[in-house]
Amino acid sequence: MSKTIAAVATGNSVSGIGVIRISGDNAIEIAQRVFKAMDGTPLTQLKGYTAKYGNVYCHGESFDNAVALVFRNPKSYTGEDVVELSVHGGIFIVEKTLEAVFAAGAVPAQAGEFTKRAFLNGKIDLTQAEGVAALISAQGQEAARASFNLLQGSLSNKISSVMEELINCSASMAAWVDYPDEEIEDLQEDRLKEILLNAKQSLNNLLKNYENGIVMTQGVDTAIVGRPNAGKSTLMNMLSGTEKSIVTHIEGTTRDIVENSVRLGNMVLHLSDTAGIRESEDVVESIGIKKALEKINSASLILAVFDSSCRLNDDDRMIIDACKGKPCVAVINKTDLDSKIDLDIINKEFEKAVFISAKNNEGARELEQAVKELLGVENFDSSQPILANKRQKLCVSNAYEHICKALDGAETGITYDAINVMIDSAIDELLSLTGKKATEEVVNNIFSRFCVGK
Ligand code: GDP
């Protein structure tokens, strides 16, 4: 018998309603001890998917109106009996209801325990559980869509179809090897190669799309660099729509790195507005500049900002040099002023250049397009299955390696026995991906990253 767990399922803030979720064999009895329906019907008599309006009680005294929603196992999120109590969303009321539920016999849920139970009860596989985590933390349209597809089982379905072919193939080979005297239909060599080739292609497509998926779902680590007064902070403010970076006309205002995540179209950029790069005597500013140069080396995307109303100076040239060979877009700012910038140099040194007026909020679309082209994600299709994290990628790339070896083996004519070992290793990797063969440590690690209540 599993312990009955409870936690607040909604955010820890004042809101219209707050939901306390209870799951486990005694969920309905426990909820019944703290909740009384207005019409007197005990929750224990309710069918699944039924709601009752009533009051919640602590020490026999009612303290709020509530709605109790009953789910019967296995038709619930966790696959167990579940009751969700919706009370008014004041922090005190929500906490008080949770305390009452604990006093009635539930224990506090661990981080991710509801989703872990859904996994252990076979409601979802590991990739879908990771889809839940990704969906909760999604910051943009593409991230939300791709995570929802993961949750809906897009990756699981893709992997299942690859695995089914491999398992059939492995079973026929094993039978043929183990019972050579029986009349078992021989697995034709051509058919074997075809199956391996298909598996290789499907896995390779997933791997190829991994980096794009990460960019679109997790965002891009981005550095905004440029000489003092080029308009870095104004650009950052334009993208974030807030006044996070202080904008002034006194050079050297942005002394340290200001970090912020912003949306550029349907992508998320994790921005660092670095100190203006220039030779500096000021100690504090020098530290900022050192950090800015380091950031150029570590960022996945650099937005190098230039003031189009001035000719390029030594500071600009220093930036151009520092950005060489890096994934960089030249952002020519202040197009509302007369242009004096040496465009031929910019065009020669940068693969992509866009014109904006950060002050007038112009050019975001062009910037988005240039960034997407530079990162190669302009054709990203979030409806296709994607690998959402390093764990998933590692399983698929290990499976891919085993399939490549098996295919090489089939080409060079090694025994079916040996090929089968490689195919089985690939299947094992795919089973760990979906969680059917994942170790307890891997499973615990995944769910420990969830929030309590999910
Ligand atoms: P930073 O030192 O690179 O961060 O530059 P700031 O963002 O602080 O901008 C320096 C000055 O340039 C400020 O006075 C801004 O208002 C001005 N500025 C920024 N962008 C534009 C623009 O697109 N057009 C014009 N005319 N001025 C701008």
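Residues numbered from 1 in each chain as written. Predicted model: local features only at pLDDT ≥ 70, side-chain atom pairs only at ≥ 80, totals over all residues. Heavy atoms only, no water.

**Remarks on the pairing of strand 6 (residues 82–89)**
Thinking step 1. The buried count for strand 6 comes to 7 of 8 residues, which makes it a mostly enclosed element.
Thinking step 2. The sheet contact formed by strand 2 (residues 15–23) and strand 6 spans 8 bridges and is antiparallel. Its bridge partner lying in strand 6, Arg21 is registered against Glu84.
Thinking step 3. Bridging between strand 5 (residues 61–71) and strand 6 involves 6 bridges; their strand directions are antiparallel. By the bridge assignment for strand 6, Ala66 is matched with Val87. (Buried < 20%, exposed > 50% of the residue type's maximum accessible area, 1.4 Å probe, protein only. Helix = DSSP H or I, 4+ residues; strand = E, 2+ residues; numbered from the N terminus. Pairing = 2+ DSSP bridges.)

**A look at helix 11 (residues 314–323)**
Thinking step 1. Those residues of helix 11 that sit buried are Asp315, Asp316, Ile319, Ile320, Ala322 and Cys323. For helix 11, the buried positions fall inside an angular range of 165° around the axis, keeping them on one side.
Thinking step 2. By the N-cap criterion, in which a side-chain oxygen at the helix start approaches the backbone nitrogen of a residue two or three places on, helix 11 is capped by Asn313, the distance to Asp315 being 3.0 Å.
Thinking step 3. Residue Gly325 follows helix 11 closely and has a positive phi angle near 75°. (Arc of directions from axis to C-beta. Polar contact = N/O pair within 3.5 Å; in protein donor to acceptor, adjacent residues only side chain to side chain.)

**Remarks on the pairing of strand 12 (residues 328–333)**
Thinking step 1. Along strand 12, 6 of the 6 residues are buried, which leaves the element largely enclosed by surrounding structure.
Thinking step 2. Burial along strand 12 is two-sided: the face carrying Cys328, Ala330 and Ile332 and the face carrying Val329, Val331 and Asn333 are both buried.
Thinking step 3. Pairing geometry for strand 11 (residues 301–307) and strand 12, over 6 bridges, is parallel. Among the inter-strand pairings, Asp307 is bridged to a residue of strand 12, identified as Asn333.
Thinking step 4. Each parallel crossover has a hand, and the one from strand 11 via helix 11 to strand 12 is right-handed.
Thinking step 5. As paired strands, strand 12 and strand 13 (residues 352–355) are joined by 4 bridges and run parallel to one another. The partner of Val329 across the bridge, within strand 13, is Lys352. (Right-handed = clockwise from strand over helix to strand, strands pointing away.)

**Examining the nonpolar core**
Thinking step 1. One finds Leu166, Leu192, Leu196 and Ile423 to be the most contacted residues of the largest nonpolar core, which totals 36 residues.
Thinking step 2. The set of elements that each furnish at least two residues to this core consists of helix 6 (154–178), helix 7 (189–208), helix 8 (210–218), helix 14 (390–412) and helix 15 (416–434).
Thinking step 3. Top element by residues in this core is helix 14. It accounts for 9 residues.
Thinking step 4. Contact partners of Ile423, with chain neighbours within four places excluded, come to Leu166, Cys169, Ser170, Met173, Leu192, Leu196 and Ala406.
Thinking step 5. Membership of the second largest hydrophobic core comes to 31 residues, among which are Ala146, Leu303, Ile356 and Leu367. (Core = buried A, V, L, I, M, F, W, Y, C linked by side-chain atoms within 4.5 Å. Contact = heavy atoms within 4.5 Å.)

**Quick notes on a nonpolar patch on the surface**
Thinking step 1. Taken together, Met38, Tyr53 and Val67 make up a surface patch of nonpolar side chains, about 280 Å² in accessible area.
Thinking step 2. Structurally, the position occupied by Val67 is in strand 5.
Thinking step 3. What makes Val67 partly exposed here is its relative accessible area of 34%. (Patch = residues over 30% accessible without salt bridge, like charges linked within 9 Å, V, L, I, M, F, W, Y side chains within 5 Å. Areas by Shrake-Rupley, 256 points an atom, 1.4 Å probe, with all protein chains shown as cover. Salt bridge = Lys/Arg side-chain N within 4 Å of Asp/Glu carboxyl O.)

**A closer look at the environment of Arg21**
Thinking step 1. Summarising the element assignment, Arg21 is placed in strand 2.
Thinking step 2. Setting aside anything within four residues of it in sequence, one finds Arg21 in contact with Ile5, Ala6, Ala7, Ala9, Tyr77, Val82, Val83, Glu84, Phe114, Gly453 and Lys454.
Thinking step 3. Side-chain polar atoms of Arg21 contact the side chain of Glu84, separated by 3.4 Å.

**A few points about the pattern of salt bridges**
Thinking step 1. In this structure the tally under the stated criterion is 17 salt bridges.
Thinking step 2. Lys52 is the partner of Asp39 in a salt bridge, and the nearest nitrogen-oxygen pair spans 2.5 Å. Separated by 13 residues along the polypeptide, Asp39 in the loop between strand 3 (35–37) and strand 4 (50–58) and Lys52 in strand 4 bring together distant segments of the chain.
Thinking step 3. The shortest N-O distance in the salt bridge between Arg227 and Asp316 comes to 2.8 Å. Of this pair, Arg227 sits in the loop between strand 8 (220–226) and helix 9 (232–240) while Asp316 is found in helix 11, placing the two residues 89 residues apart along the sequence. For the residue pair Arg227 and Asp316, the accessibility class agrees, reading buried in each case.
Thinking step 4. Sharing partners across several salt bridges, the network here consists of Glu80, Glu113 and Arg117.

**What about the packing of helix 7 against helix 15?**
Thinking step 1. Orientation of helix 7 relative to helix 15, taken along the N-to-C sense of each, is 25°, at an axis distance of 13 Å. Regarding the angle of helix 7 to helix 15, the classification is roughly parallel. At the point where helix 7 passes helix 15, the crossing takes the left-handed sense. Contacts from Glu189, Leu192, Leu196 and Leu203 in helix 7 reach Tyr416, Ile419, Ile423 and Leu430 in helix 15. (Axes fitted to C-alpha atoms, helices over the stretch in contact; angles between N-to-C directions. Parallel < 35°, antiparallel > 145°, perpendicular 65-115°, else oblique. Left-handed = near helix turned anticlockwise from the far one by under 90°.)

**A few points about the packing of helix 4 (residues 126–137) against helix 5 (residues 141–151)**
Thinking step 1. Helix 5 packs onto helix 4 with a crossing angle of 155° between their chain directions and a minimal axis gap of 7 Å. Considering their axes alone, helix 4 and helix 5 lie roughly antiparallel with respect to each other. The two elements helix 4 and helix 5 cross, and the hand of that crossing is left-handed. On helix 5, the residues touching Thr127, Gln128, Glu130, Gly131, Val132, Ala134 and Leu135 of helix 4 are Ala144, Ser147, Phe148, Leu150 and Leu151.
Thinking step 2. For the contact of helix 4 with helix 5, the residue count by class is 7 nonpolar, 4 polar and 1 charged. (Nonpolar A, V, L, I, M, F, W, Y, C, P; charged D, E, K, R; others polar.)

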